[in-house]
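Observations on chain architecture
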Amino acid sequence: MDLNRVQIFAQVVDKGSFTAAAKAMGITKATVSRKIAELEHSTGVQLLLRTTRSLKLTEAGSIYFNKVNKILTDLRSAEDQLSASQQTIRGNLRIVCPIEFGQQALGPVIARFLEDYPQMQIEAELTNRKVDMVEEGVDVMFHVQGLDDPRLEHFRLVHAHKVLMASPEYLERFGTPTTPDELLNHRGIRLASPYIDGNWRIFDGKQWQEIIPDCRLQVNNITLAREAAIDGLGIASLPMMIAHDALQRGDLLPILQDFPMEHVTINLIYPKRAYLPRKCRTFVEYFYEALFQRWGSLVLDIPPYVIPPENLAQMTPTNICCDQ
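Residues numbered from 1 in each chain as written. Predicted model: local features only at pLDDT ≥ 70, side-chain atom pairs only at ≥ 80, totals over all residues. Heavy atoms only, no water.

A word on helix α2 (residues 18-25)
- Restricting attention to buried positions, one finds in α2 the residues Phe18, Ala21 and Ala22. Mapping the buried residues of α2 onto a view down its axis gives an arc of 100 degrees, with all of them on the same face.
- As for α2, its buried residues are in contact with α1 (3-15), α3 (29-43), β1 (48-50) and β2 (55-57).
- Among the residues of α2, the N-terminal cap falls to Ser17, whose side-chain oxygen and the backbone nitrogen of Ala20 are separated by 3.0 Å.
- Positioned one or two residues after α2, Gly26 has a phi angle of 70 degrees, which is positive. (Buried < 20%, exposed > 50% of the residue type's maximum accessible area, 1.4 Å probe, protein only. Helix = DSSP H or I, 4+ residues; strand = E, 2+ residues; numbered from the N terminus. Arc of directions from axis to C-beta. Contact = heavy atoms within 4.5 Å. Polar contact = N/O pair within 3.5 Å; in protein donor to acceptor, adjacent residues only side chain to side chain.)

Here you go:
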């Protein structure tokens, strides 16, 4: 039996087309077509009905797929179990992380992990694009807010508290708003992306208000929004972890602090598996160690295999005094 043909057949059924299966497996469409033809020839049965617009399983193909799909699942589980039990950690780890959070938190963890495990390689992508981590073969992903996907395991890491802020020069020129309603008379810097609603949600003491700022600048990058605010372009809604240094220097000043804004949550996500590969589990353990050191008792969810510090309840967050 050519297991490669069987895997390609299962991918074609899962993805619904030769093109999508080829893209998911990193091979050509011609290779997919040839391997399916070889499989049908060797079994002597037509497995797929092909037309110019659709692809359907024959009755024999449906029976065959149900049986081989279970076998492939068991094989993946066996491979994960073997990986989870191996003593030497080796291989490749694909990580995806939002740009700003990755710049803040990921570098030191990766450096220490690779120093301790010289047979590991890491491919880290800092991006704000939409990622299907199962299709793209991503091992670990950090994401703002959760993803409604039953294939994925989620752990909330920390809340990223946001505050409205502006430069001293802007506030001197246009005045400092004292109520949420006054924001409508000010210039805003709007942060928007496929994952971020650019409107400002703020609690006025009685209810949540959604304010659409009058913006001359809309960006999909928090760092650019911060720098534009420092340059006096307008008011920006920024996570404290991104604006902390600018606030400490006095480049930005917080406004409307008595009116809390809706926060976002940073999540750790990886595919659900019967056995988590040891390389993934170990990296997550390293990341949580750094997370405890910086955020202490503010850490939200902890995976069952991660051992928190004995004094976690008493740990005080460091260098993020404005996050709370």
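The structure having been displayed, the exposition proceeds.
Considerations on the packing of aromatic side chains
- With the rule as written, the count across this model stands at 13 aromatic pairs.
- Here the aromatic rings of Phe113 and Tyr117 are separated by 5.2 Å at their centres, their planes lie at 45 degrees, and the arrangement is tilted.
- Residue classification places Phe113 among the buried positions, given a relative accessible area of 0%. (Phe/Tyr/Trp six-rings, centres within 6.5 Å; stacked < 30°, edge-to-face > 60°.)

Here's the deal with the sheet that holds strand β7 (residues 162-166)
- Taken in spatial order, the five strands of this open sheet run β11-β8-β12-β7-β13, and their pairing is mixed. Single-partner strands in this sheet number two, and they are β11 (214-219) and β13 (253-255). Between one strand and the next, the sheet's axes are offset by a mean angle of 40 degrees, whatever the strand orientation.
- Bridging between β7 and strand β12 (residues 235-239) involves four bridges; their strand directions are antiparallel. Along β12, the bridge assignment pairs Val163 with Leu238.
- The strands touched by helix α9 (residues 222-230) within the sheet are β8 (187-191), β11 and β12, with β12 carrying the most contacts at an inclination of about 135 degrees.
- The sheet contacts of helix α10 (residues 240-249) involve β7, β12 and β13, and relative to β12 the element is tilted by about 115 degrees. (Pairing = 2+ DSSP bridges. Axes fitted to C-alpha atoms, helices over the stretch in contact; angles between N-to-C directions.)

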